[in-house]
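What follows is the residue order along each chain.
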Amino acid sequence: MRKNKQAAPISKNLREDTMKMKRCVKESFVVIGKMGSTLEGEGFIQRLWDDANTHFGEVQHLAKKDENGNISGIWGAMSDFSHSFNPWEDFNKGLYLAGVECNENAEAPNGWTKWIIPGYEYIYIECENDSTFSEAIKYLEDNAIPLVGAVHDFTCPQTGKNYMFFPIRKL
């Protein structure tokens, strides 16, 4: 799935015209993965990815595929502790699911967790440096764009590029 989970970056001046920032609408979707929380301490996200990658064969057949048979997406989905998909408390306390996008009728095998992510309109940004998250939050604030849900990490399996998805409108 993913070898190394690190914070996703952005360019210095976060602007839609220069920053690889785009908008999209994504209907509700399913991610099956390994779940953990910030209460597990530093490095918990990397441990989740290590676990998910090691056991990927257990869920590979459940992965949603595009028309060419490629896996649709690898997600680091996030939620608040209530499982309501609200932003992490203070942006540093919450739940994380390291997983793969799956078909909606897929059932999580033992040891895996299934989340149904609500549909949102997103601003998504290619991660280019370690300040992507903070620069994107500042951009949203400076432009009075509300963050209406938890931010998600996304890796495109075809390109290997990493993105952050910022939900700005619930569908």
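For the structure given in this document, a descriptive report is provided here. The model shown is predicted, which means the values in this text are computed figures rather than measured ones.

Criteria and cut-off values
Counting of residues starts from 1 at the beginning of each chain's written sequence and follows it residue by residue. The predicted nature of this model means local features are confined to residues of pLDDT at least 70 and side-chain atom pairs, given and counted, to a pLDDT of 80 or more, with totals for whole chains, interfaces and linings taken over all residues. Water and hydrogen atoms were dropped before computing side-chain values, which therefore reflect all heavy atoms in the structure. Starting at the N terminus, helices and strands are each numbered in turn, a helix being any DSSP run of H or I of at least four residues and a strand any DSSP run of E of at least two. Between buried and exposed lies partly exposed: a residue is buried under 20% and exposed over 50% of the maximum accessible area for its type, with that area taken using a 1.4 Å probe on protein chains only. Contacts between residues were defined by any pair of non-hydrogen atoms, one from each residue, lying within 4.5 Å. Surface accessibility follows the Shrake-Rupley procedure with a 1.4 Å probe radius. Residue values consider only the protein chains on display as shielding. A pair of strands counts as paired when DSSP detects no fewer than two bridges linking them. Contacts described as polar in this section are N or O atom pairs within 3.5 Å, which, within protein, must combine one atom able to donate a hydrogen with one able to accept it, while residues neighboring in sequence count only if both atoms come from side chains. Here an axis means a line fitted to C-alpha atoms, over the contact stretch when the element is a helix, while the angle between two N-to-C directions is reported on a 0 to 180 degree scale.

**With respect to the overall build of the chain**
When you go through the chain residue by residue, the secondary structure sums to 2 helices and 8 strands. Of all 171 residues assigned to the chain, the portion counted as buried reaches 49%. For the chain, the proportion of contacts with a sequence separation of at least 24, taken over those separated by at least 6, is 75%. Summed over all atoms, the accessible surface of the chain reaches about 8,600 Å², with 48% contributed by carbon and sulfur.

**As for the environment of Tyr124**
Looking at the element boundaries, Tyr124 is found in strand E6 (residues 120-126). The spatial distance from the C-alpha of Tyr124 to the C-alpha of Met164 is 5.5 Å, given a sequence separation of 40 residues. Setting aside residues up to four positions removed in sequence, Tyr124 forms contacts with Lys20, Met21, Lys22, Arg23, Cys24, Tyr163, Met164 and Phe165.

**What to know about the pairing of strand E4 (residues 95-102)**
With respect to burial, E4 is a largely interior element, 8 of its 8 residues being buried. As defined by bridge partners, strand E2 (residues 29-37) adjoins E4 across 8 bridges and the pair is classed as antiparallel. What sits directly across from Ser37, in E4, is Leu95. In the sheet, strand E3 (residues 74-79) pairs with E4 via 6 bridges, with the strands oriented antiparallel. Residue pairing in the sheet places Ser79 in a bridge with Leu95 of E4.

**Details of the side chain of Ser37**
Turning to its location among the elements, Ser37 is positioned in strand E2. Residue Ser37 is classed as buried on the basis of its relative accessible area, which comes to 9%. From its side chain, Ser37 meets the backbone nitrogen of Leu39 in a polar contact 3.0 Å long. Not counting chain neighbours up to four residues away, the residues in contact with Ser37 comprise Phe44, Phe81, Gly94 and Leu95.

**Quick look at the sheet that holds E6**
With respect to topology, 8 strands assemble into an open sheet ordered E1-E6-E8-E7-E3-E4-E2-E5, the strand pairing being antiparallel. Edge positions in the sheet fall to strand E1 (21-26) and strand E5 (113-117), since each has one partner strand and no second. Across the sheet, the axes of successive neighbouring strands diverge by a mean angle of 35°, strand direction being ignored. With 4 bridges connecting them, strand E7 (residues 152-155) and strand E8 (residues 162-170) associate as antiparallel partners. Bridge pairing links Thr155 to Asn162 in E8. The strands touched by helix H1 (residues 44-54) within the sheet are E2, E3 and E4, with E4 carrying the most contacts at an inclination of about 30°. Of the strands in this sheet, E1, E6 and E8 are in contact with helix H2 (residues 132-142), which crosses E8 at around 25°.

**Topic: the pairing of E6**
Within a regular beta strand, the side chains point alternately toward one face of the sheet and then the other, so they alternate between its two faces. When you tally the buried positions in E6, you get 7 out of 7 residues, the bulk of the element. Residues of E6 alternate between two faces, with Tyr120, Tyr122, Tyr124 and Glu126 on one and Glu121, Ile123 and Ile125 on the opposite face, all of them buried. Inspection of the sheet shows E1 paired to E6 by 6 bridges, in the antiparallel sense. Residue pairing for E6: Lys26 is matched across the bridge by Tyr120. The sheet contact formed by E6 and E8 spans 7 bridges and is antiparallel. Paired with Glu121 across the two strands is Arg169, which belongs to E8.

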